[in-house]
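Descriptive analysis of the structure
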Amino acid sequence: MATSEKSRGNWNSKLGFILAAAGSAVGLGNIWGFPSQVADNGGAAFIVIYLLCCLIIGLPVMIAELAVGRYSKKNPVGAFRSVSSSWFAPLIGFWGVICGVMILSFYLVVAGWTAGYVFEEIFFFMGYPELASWFGQLDNGLKNAIFSVLFMLATIAIITGGVSNGIEKATKLLMPLLIFILGMMILYVLTLEGSAEGVRVYLRPDFSSINTDLVFSAMGQAFFSLSLGMGALITYGSYLSKKQNLVESATYVTLADVGIAFMAGFLIIPAMYVAQSSGVQIFDADGNLFASTTLVFNVLPEMFHNMGGIGLIAGVMFFVLLGMAALTSTISLLEVPVAYMIDEHNVSRKQAAWSIGGLIMFFAVIVSFYIGLIDLLVVIFNNIGLPLGGLMICVVVGYLWKTESALKEISHGFENVENTWFAPLWSFFIKVICPLVIGLVFISTIYNIFN
Ligand code: PFF
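Residues numbered from 1 in each chain as written. Predicted model: local features only at pLDDT ≥ 70, side-chain atom pairs only at ≥ 80, totals over all residues. Heavy atoms only, no water.

1. Quick look at unusual backbone geometry
- The phi dihedral of N346 falls on the positive side, at around 55°, and the residue is not glycine.
- Checked against the element boundaries, N346 lands in the loop between α15 (309–345) and α16 (349–369).
- A positive phi angle, close to 80°, is found at K402, a residue other than glycine.
- Looking at where K402 falls in the secondary structure, it is placed in helix α17 (residues 373–410).
- You can call K402 partly exposed: its relative accessible area is 39%. (Helix = DSSP H or I, 4+ residues; strand = E, 2+ residues; numbered from the N terminus. Buried < 20%, exposed > 50% of the residue type's maximum accessible area, 1.4 Å probe, protein only.)

See the structure below:
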């Protein structure tokens, strides 16, 4: 049944894996989701809570996912089967595969918007406003379908290249480029009028706004942003060598994700206030900030359009940046069901990528024409699906596989880990703290949905 280790692929280098995993984590969630959540939820107060969620919940769960993946050298279904004989363990992995398929179905549509906006900016500045506005329509089914299919084709092309030749090579190029473009754009936006107010809003903590809702949104954002709960990091972990220190790698990936989200805040929030100072509306009639989709896809293009010639460069750069961040995430979302097909159904990587990719493309075309579905899919697969998956990973690793076995796996690349302070601390987090907090998030999410 299982294919040999050789045909599954391996990361070529330590840095290659870290960039690929950071590429999975850094995506629309960081640049589209995080800054508007900060602006909506009391500025720096949200950042503090988000940071705590990433370090207290995200990091231990990430280490657990990587350990399960590297120990089993399998996709999430096979991985859970390897670490537990319980009948429900493979079902948890299968739930992850379904989450990957469904999240990708709408993620592609949003990623497609970024590509559409590159053309929107170009045609706007070339003096074709009608054509530009066609590319900028968020609810144009045909346009959405074209761009999501193109995005999927790019993802499939990289995935069929394999682990080190496809995923690792692409992310090794895209990630440094992304950080460079982001840095350049921040420096530029900070020179514009109105940006200082944005920086002030971003960094001013309003601790009175901390309530359970804020904690729960920060937690959900942390899960989605770190790509946790659906086995993406089990899958990426399954291509890791025994020499790699899992704790160190997970720490780098978490810090990269948090760091880039923090940087994106320095771009988006000041940019919103720059837009406001040039007459663009960023708050609705009740004084609430526009929803994240409106902010990123309507307010920012208006700001670019008000900037003259330099707006073309800034606008194209911004949407290329967003598209690149999305691409390194769509790769990891597709890799989960592809690895499942390769391991469990004994098909080639090419067949797996085209068959599963084709199915997801079909779903994405449906979502393209009915974009109202995005909200529903977000609730089911992000808000409920990922925390549920994360909770189950903690239960399996903590109580079925046992943290002692996981620590044995972690000790490859981190010698003597059992005798360090890390071992009891991580075990306590996986067995008690993480399931407790994630369980509370999960119950509250369900409660909020039905109230
Ligand atoms: N982490 C990605 C983002 O922030 O956009 C989204 C994501 C990718 C979620 C991969 C889950 C996943 F497995």
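2. Looking at the layout of surface pockets
- In this structure, the largest pocket encloses a volume near 1,000 Å³.
- Lining the largest pocket are 32 residues, with Q37, Q221, S292, V378 and N383 positioned closest to its centre.
- Sorting the residues of the lining of the largest pocket by element identifies α3 (28–40), α6 (89–125), α11 (212–225), α14 (292–305), α17 and α18 (422–449) as the ones contributing at least two each.
- With seven residues, α17 is the single largest residue contributor to the lining of the largest pocket.
- Class assignment for the residues of the lining of the largest pocket results in 13 nonpolar, 16 polar and three charged. (1 Å grid on protein atoms, 1.4 Å probe; cavity = no way out; pocket = protein on both sides within 12 Å on 5 of 7 lines; lining within 4 Å. Points joined across faces, edges and corners; volume = space filled by probe spheres on them. Nonpolar A, V, L, I, M, F, W, Y, C, P; charged D, E, K, R; others polar.)

3. Considerations on α15
- With 37 residues, α15 extends 53 Å from end C-alpha to end C-alpha; this agrees with the ideal 54 Å at 1.5 Å per step.
- E335 marks the point of greatest bend in α15, at about 30°, and the proline P337 comes within the next four residues.
- In the stretch just after α15, N346 is the one whose phi turns positive, near 55°. (Expected span 1.5 Å × (residues − 1). Bend = angle between axes of the 7 residues up to and from the residue.)

4. A short note on the site of the ligand
- Around the ligand, a shell composed of 15 residues is seen, among which A25, L28, G29, Y107 and F224 lie nearest.
- In this structure, an oxygen atom belonging to the ligand sits 2.5 Å away from a side-chain N or O atom of Y107.
- Separating a nitrogen atom of the ligand from a backbone N or O atom of S225 is a distance of 3.1 Å.
- Because more than half of its atoms lie within 2 Å of the grid, the ligand is assigned to the largest cavity.
- Listing elements by their share of the shell around the ligand, those giving two or more residues are α2 (14–25), α3, α11 and α15. (Near = heavy atom within 4 Å. Polar contact = N/O pair within 3.5 Å; in protein donor to acceptor, adjacent residues only side chain to side chain. Sits in = over half its atoms within 2 Å of the grid points.)

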